[in-house]
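Read off the chains here:
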Amino acid sequence: MVAGRRTGSADARRLRAQDKIPAIVYGQGMEPLSVSVDRRELRVALSGAAGLNTILDLTVDGAVYPALIKEIQRHPVRRTIQHIDFIQVNLNEEILVHIPIVLEG
């Protein structure tokens, strides 16, 4: 789902042209990793009931990082995703997330 990548504006534009999203993975006790995510795979992964609160298994160079989306940056006009920040989570610890509540009826 994820591949390591080079950094910089030109590289980010090339990734977006290939239908990939530049991203970063960071967390406690790890160095931040610059990665890219396939736009279609991300959409499929987030289409479940948990939505943006889905814990994703990000595979980078054979290493698996369980992560949540911390922040999504969108294009101001087209509203397409321009960049994603993932935060690595420890599956043995509690985490606090915001869950939207939609009232019907």
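The structure we're discussing is the one just above.
Residues numbered from 1 in each chain as written. Predicted model: local features only at pLDDT ≥ 70, side-chain atom pairs only at ≥ 80, totals over all residues. Heavy atoms only, no water.

## So, the overall build of the protein chain
The test is simple: Helix and strand labels come from DSSP, where a helix needs a run of H or I of at least four residues and a strand needs a run of E of at least two; each type is numbered from the N terminus. Our radius of gyration looks at C-alpha atoms and nothing else; its globule reference is 2.2 Å times the residue count to the power 0.38.
Within the protein chain, the regular secondary structure consists of two helices and six strands. Secondary structure elements of the protein chain occur, N-terminal to C-terminal, as β-α-β-β-α-β-β-β. The C-alpha radius of gyration of the protein chain comes to 14 Å, within 12% of the 13 Å expected for a compact globule of 105 residues. Projecting the C-alpha coordinates of the protein chain onto the three principal axes gives extents of approximately 45 × 35 × 20 Å.

## Some details on the pattern of salt bridges
Short version of the rule: Salt bridge, as applied in this entry: a Lys or Arg side-chain nitrogen positioned within 4 Å of an Asp or Glu carboxyl oxygen. The buried label goes to any residue with under 20% of its type's maximum accessible area, the exposed label to any with over 50%, and the partly exposed label to all in between, with areas taken from a 1.4 Å probe on protein chains only.
Counting across every chain of the model gives three salt bridges. The partner of arginine 14 in a salt bridge is aspartate 11, and the shortest N-O contact between them spans 2.5 Å. You can see arginine 14 and its partner aspartate 11 sitting in helix 1 (residues 9-17), three residues apart, about one turn around the helix. For aspartate 11, a relative accessible area of 14% gives the class buried. Taking the shortest distance from any N to any O, the salt bridge between aspartate 38 and lysine 20 comes out at 3.9 Å. On the criterion of sequence distance, the pair formed by aspartate 38 in strand 3 (residues 33-38) and lysine 20 in strand 2 (residues 20-26) is long-range, its members being 18 residues apart.

## What to know about the layout of surface pockets
Formally: Here a cavity denotes grid points, spaced 1 Å and computed from the protein atoms alone, that fit a 1.4 Å probe unable to get out, and a pocket denotes an open set having protein on both sides within 12 Å along at least 5 of 7 lines; residues with an atom within 4 Å of a point are the lining. Grid points are joined across faces, edges and corners, and a volume is the space filled by probe spheres set on the points. By the convention adopted, Pro, Cys, Tyr, Trp, Phe, Met, Ile, Leu, Val and Ala count as nonpolar, Lys, Arg, Asp and Glu as charged, and the other residues, Gly among them, as polar.
For the largest pocket, the calculated volume is near 460 Å³. If you trace the largest pocket, you find 19 residues lining it, with Leu68, Lys70, Ile87, Val89 and Leu96 closest to the centre. If you list the elements that add at least two residues to the lining of the largest pocket, you get strand 5 (63-74) and strand 6 (81-88). With five residues, strand 5 is the largest single contributor of residues to the lining of the largest pocket. A per-class count over the lining of the largest pocket returns nine nonpolar, six polar and four charged.

## Notes on the nonpolar core
Looking at soluble globular proteins, one finds that nonpolar side chains tend to be buried together. What counts here: Residues belong to a common nonpolar core when they are buried Ala, Val, Leu, Ile, Met, Phe, Trp, Tyr or Cys residues joined through side-chain atoms within 4.5 Å.
Within the largest apolar cluster, 17 residues are counted, with the highest numbers of intra-cluster contacts made by Leu42, Leu58, Ile84 and Phe86. Only strand 2, strand 3, strand 4 (56-60), strand 5 and strand 6 provide two or more residues apiece to this core.

## What to know about unusual backbone geometry
Its identity is not glycine, yet aspartate 19 carries a phi of approximately 65°, on the positive side. Structurally, aspartate 19 can be placed in the loop between helix 1 and strand 2. Residue aspartate 19 is classed as partly exposed on the basis of its relative accessible area, which comes to 35%. One non-glycine residue with positive phi stands out, namely arginine 79, at about 65°.

## Digging into helix 1
What counts here: In this context, the arc is that of the directions from the helix axis out to the C-beta atoms. Every residue pair with non-hydrogen atoms within 4.5 Å of one another is taken to be in contact.
The complete set of buried residues in helix 1 reads Asp11, Ala12 and Leu15. An end-on view of helix 1 places all buried positions within 100° of arc, on one side of the element. What points out from helix 1, more than 90 degrees from its buried face, is the exposed set Ser9, Arg13 and Ala17. The inward-facing, buried residues of helix 1 contact strand 2 and strand 3.

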